[in-house]
Number of protein chains: 2
Amino acid sequence: MALRHAVLAALLDGEYSGYELAKTFDAGVANFWHALPQQLYLELSKLESDGLIAGRQVVQETRPNKRLFTVTEAGISELSRFAFAAARPSFIRDDLMVKVRSVDAVDPAGVIRQLDERARIATTKIDIFEGLLRRQRGDLEEELFLREGDRIGPYLTCLRGLRFEQENLDWCTRTAAVLRGRTAAHR
Amino acid sequence: MALRHAVLAALLDGEYSGYELAKTFDAGVANFWHALPQQLYLELSKLESDGLIAGRQVVQETRPNKRLFTVTEAGISELSRFAFAAARPSFIRDDLMVKVRSVDAVDPAGVIRQLDERARIATTKIDIFEGLLRRQRGDLEEELFLREGDRIGPYLTCLRGLRFEQENLDWCTRTAAVLRGRTAAHR
DNA sequence: CTGGTCATGTAACCCGTTACATGATTTC
DNA sequence: GAAATCATGTAACGGGTTACATGACCAG
């Protein structure tokens with residue numbers, strides 16, 4: 001059970017509905033945690049009945065009603081407990097890496113196509129992260145912000161996400177180039 | 001079902017037993033795929049009964065017997081099919097990132113400890129990857145090896161793993177320093 | 001004689017994914 | 001008129017993790 005804590009951490013930013021959370025997860029959180037909307041709705045229900053978050057109904061006229069959630073004090077305690085306990089080693093699962101590892105035994109064309117695609121996605125994510133970072137630090141220089149800002153957790157994780165995607169872009173571009181060079185030479 | 005392909009890709013390197021594969025997974029493959037030994041034994045059985053790999057019994061006197069597996073032609077076909085199909089987006093799941101994101105609301109001491117720990121792990125992995133890369137390219141320069149080497153798939157994925165761990169080390173070190181600076185200033 | 005390595009599995013459980021379900025409003 | 005957005009769920013399935021199980025050899 002670990003999605004709980006990802007959701008709690010995300011709700012530290014403020015009040016969110018399940019729907020809004022799902023979008024947040026796609027944007028900022030996605031680079032170190034991923035969840036589908038259905039999972040979020042379920043997890044929010046559980047967290048609420050465990051008293052770790054509190055929800056309030058917001059009636060809307062022109063749109064469907066929604067429920068907004070905030071972290072309770074019990075939720076903060078749970079997060080503290082979690083943050084103190086040893087983290088399990090992180091893991092990545094990436095189909096594309098498996099494919100690149102197999103590239104000597106299979107036709108590289110499909111792999112190259114997917115490397116290009118991945119590079120494009122990385123470019124988009126880089127823009128998103130840079131936007132998020134700018135918005136969070138406002139007028140402050142990064143160093144000053146990190147020394148004196150109120151809320152630096154999300155900034156620090158965005159920094160990691162940005163670096164990850166920059167490396168991703170770099171690697172995908174170079175790997176695609178290497179594979180293209182070889183197929184051109186072979187024929 | 002995707003562990004299948006990670007196992008197939010790993011078996012392209014040669015003949016391995018379940019036990020040896022488990023170690024391989026810990027070392028080189030772990031940075032983009034992870035599996036416990038039990039899962040590997042099960043998956044190997046399935047792959048064998050599906051005809052994608054072939055096993056042969058090796059009787060040992062001083063140690064327990066083992067079964068070594070190789071990829072069959074049907075296995076290569078399956079890998080080709082997989083490599084050509086669209087990859088699902090990769091994902092990371094990292095407890096430590098969730099903790100860093102929560103660091104404004106909880107005691108940073110535990111998080112700092114885990115960042116240090118993670119930095120040490122990253123250092124170890126960097127050494128492992130550098131060793132693997134050196135061994136694979138032998139006497140050749142990297143560029144030449146990538147242009148003309150026989151088997152570059154594992155080299156390319158190691159490059160990605162190395163970069164990832166270097167970034168990891170860097171980020172963990174810097175993040176820990178930022179958090180230390182703030183707790184020192186507050187008191 | 002304790003702990004690590006070699007070596008291979010089974011069974012139960014839980015979490016995550018896929019598929020299904022609904023329905024009004026806004027934008028192109 | 002079609003497609004995207006807002007908004008929230010249930011149910012089935014399958015894969016991944018945890019726990020359990022065994023046993024011989026070798027190094028400190």
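The coordinates are above.
This section reports on the structure supplied with the text. Small disclaimer: the values here were computed from a predicted structure and weren't measured.

## Points about the overall build of chain A
Turning to step 1, where the next piece is worked out: Looking only at helices and strands, chain A features eight helices and three strands.
Turning to step 2, where the next piece is worked out: For chain A, the sequential pattern of α-helices and β-strands runs α-α-α-β-β-α-β-α-α-α-α.
Turning to step 3, where the next piece is worked out: A globule of 187 residues ought to have a C-alpha radius of gyration of about 16 Å, yet chain A, at 21 Å, is considerably larger.
Turning to step 4, where the next piece is worked out: Taken along the three principal axes of its C-alpha coordinates, chain A extends 65 × 45 × 40 Å.

## Quick word on the packing of aromatic side chains
Turning to step 1, where the next piece is worked out: Counted under the stated rule, the structure contains three aromatic pairs over all chains.
Turning to step 2, where the next piece is worked out: A centroid spacing of 5.9 Å and a plane angle of 85° characterise the contact between phenylalanine 164 of chain A and phenylalanine 164 of chain B, whose relative ring orientation is edge-to-face. Residue phenylalanine 164 of chain A is found in helix H8 (residues 153-186), and its partner phenylalanine 164 of chain B is found in helix H8 (residues 153-186); the two belong to separate chains.
Turning to step 3, where the next piece is worked out: Among the residues examined, phenylalanine 164 of chain A registers a relative accessible area of 9% and is labelled buried.
Turning to step 4, where the next piece is worked out: Taking the ring centre of phenylalanine 82 of chain B as reference, the NZ or CZ of lysine 99 of chain A above it sits at 4.8 Å.

## Observations regarding the side chain of arginine 182 of chain A
Turning to step 1, where the next piece is worked out: As for its placement among the helices and strands, arginine 182 of chain A is situated in helix H8.
Turning to step 2, where the next piece is worked out: Among the polar contacts listed, one links the side chain of arginine 182 of chain A to the backbone oxygen of leucine 146 of chain B, at a separation of 3.0 Å.
Turning to step 3, where the next piece is worked out: Look past the residues within four positions of arginine 182 of chain A in its chain and what remains in contact with it is Asp104 of chain A together with Phe145, Leu146, Arg147, Glu148, Gly149, Asp150 and Ile152 of chain B.

## Comments concerning helix H6 (residues 108-137) of chain A
Residues and elements named next belong to chain A.
Turning to step 1, where the next piece is worked out: Its 30 residues place the ends of H6 43 Å apart at the C-alpha level, agreeing with the 44 Å of an ideal helix rising 1.5 Å per residue.
Turning to step 2, where the next piece is worked out: Its side-chain oxygen at 3.2 Å from the backbone nitrogen of alanine 109, aspartate 107 defines the N-terminal cap of H6.
Turning to step 3, where the next piece is worked out: Looking one or two places after H6, you find glycine 138, whose phi comes out positive at around 60°.

## Side note on the packing of helix H1 (residues 3-11) of chain B against helix H3 (residues 37-49) of chain B
All names here are of chain B.
Turning to step 1, where the next piece is worked out: Between H1 and H3, the least distance of the axes is 10 Å, while the angle of their chain directions is 85°. The orientation of H1 relative to H3 falls into the category roughly perpendicular. On H3, the residues touching Leu3, Arg4, Val7, Leu8 and Leu11 of H1 are Gln39, Leu40, Glu43, Leu44 and Leu47.
Turning to step 2, where the next piece is worked out: Tallied by class, the residues present in the contact of H1 with H3 amount to seven nonpolar, one polar and two charged.

## Some details on empty space enclosed by the protein
Turning to step 1, where the next piece is worked out: Overall, the coordinates contain two cavities of 30 Å³ or more when judged by the stated rule.
Turning to step 2, where the next piece is worked out: Each pocket or cavity is described by its volume, and for the largest cavity that value is around 130 Å³.
Turning to step 3, where the next piece is worked out: The wall of the largest cavity is formed by 14 residues, among which Arg160 of chain A together with Asp94, Met97, Phe164 and Asn168 of chain B lie closest to the centre.
Turning to step 4, where the next piece is worked out: Every element with two or more residues in the lining of the largest cavity is listed here: H8 of chain A together with helix H5 (95-101) and H8 of chain B.

## A word on the protein's contact with DNA strand D
Turning to step 1, where the next piece is worked out: Neighbouring DNA strand D are 21 residues; Tyr19, Gln60 and Arg67 of chain A together with Met1 and Gln39 of chain B lie closest to it.
Turning to step 2, where the next piece is worked out: Of all atoms in DNA strand D that approach within 4 Å of the protein, 71% are sugar or phosphate atoms.
Turning to step 3, where the next piece is worked out: Measuring from a base nitrogen of DNA strand D, one finds a side-chain N or O atom of glutamine 38 of chain B at 3.0 Å.
Turning to step 4, where the next piece is worked out: Those elements giving two or more residues to the surface near DNA strand D turn out to be helix H2 (18-27), helix H3 (37-49) and strand E2 (66-71) of chain A together with H3 of chain B.
Turning to step 5, where the next piece is worked out: Looking at the surface near DNA strand D element by element, the count peaks at three residues for H2 of chain A.

## Thoughts on the relation of the copies chain A and chain B
Turning to step 1, where the next piece is worked out: When chain A is brought onto chain B, the operation consists of a screw motion whose angular component is 180° and whose axial shift is 0.0 Å, with 0.1 Å RMSD remaining. Expressed as a symmetry operation, the mapping of one chain copy onto the other fits a two-fold axis. Relative to the rotation axis, the C-alpha of isoleucine 92 of chain A is the closest in chain A, positioned 2.2 Å from it.
Turning to step 2, where the next piece is worked out: An overlap of 100% is found between the interface residues of chain A and their copies at the interface of chain B, pointing to a shared contact surface.

## Description of the protein's contact with DNA strand C
Turning to step 1, where the next piece is worked out: Around DNA strand C, the structure places 21 residues, and the nearest of them are Gln39 and Thr62 of chain A together with Tyr19, Gln60 and Arg67 of chain B.
Turning to step 2, where the next piece is worked out: Per the 4 Å cut-off to the protein, sugar and phosphate atoms form 69% of the nearby atoms of DNA strand C.
Turning to step 3, where the next piece is worked out: Contact distances for DNA strand C include 3.4 Å between a sugar or linking oxygen and a backbone N or O atom of asparagine 65 of chain B.
Turning to step 4, where the next piece is worked out: For the surface near DNA strand C, the elements supplying multiple residues, two or more each, are H3 of chain A together with helix H2 (18-27), H3 and strand E2 (66-71) of chain B.
Turning to step 5, where the next piece is worked out: Among the residues making up the surface near DNA strand C, the classes are represented as six nonpolar, nine polar and six charged.

## What about the environment of cysteine 158 of chain A?
Residues and elements named next belong to chain A.
Turning to step 1, where the next piece is worked out: Mapped onto the elements of the fold, cysteine 158 is located in helix H8.
Turning to step 2, where the next piece is worked out: What makes cysteine 158 buried here is its relative accessible area of 5%.
Turning to step 3, where the next piece is worked out: Along the backbone, cysteine 158 and valine 59 are 99 residues apart, and their C-alpha atoms lie at a distance of 33 Å.

Criteria and cut-off values
- Residues numbered from 1 in each chain as written.
- Chains lettered and ligands numbered in written order.
- Predicted model: local features only at pLDDT ≥ 70, side-chain atom pairs only at ≥ 80, totals over all residues.
- Heavy atoms only, no water.
- Helix = DSSP H or I, 4+ residues; strand = E, 2+ residues; numbered from the N terminus.
- Rg over C-alpha atoms; globule rule 2.2 N^0.38 Å.
- Phe/Tyr/Trp six-rings, centres within 6.5 Å; stacked < 30°, edge-to-face > 60°.
- Buried < 20%, exposed > 50% of the residue type's maximum accessible area, 1.4 Å probe, protein only.
- Lys NZ or Arg CZ within 6 Å of the ring centre and 35° of its normal.
- Polar contact = N/O pair within 3.5 Å; in protein donor to acceptor, adjacent residues only side chain to side chain.
- Contact = heavy atoms within 4.5 Å.
- Expected span 1.5 Å × (residues − 1).
- Axes fitted to C-alpha atoms, helices over the stretch in contact; angles between N-to-C directions.
- Parallel < 35°, antiparallel > 145°, perpendicular 65-115°, else oblique.
- Nonpolar A, V, L, I, M, F, W, Y, C, P; charged D, E, K, R; others polar.
- 1 Å grid on protein atoms, 1.4 Å probe; cavity = no way out; pocket = protein on both sides within 12 Å on 5 of 7 lines; lining within 4 Å.
- Points joined across faces, edges and corners; volume = space filled by probe spheres on them.
- Near = heavy atom within 4 Å.
- Least-squares fit on C-alpha atoms with pLDDT ≥ 70 in both.

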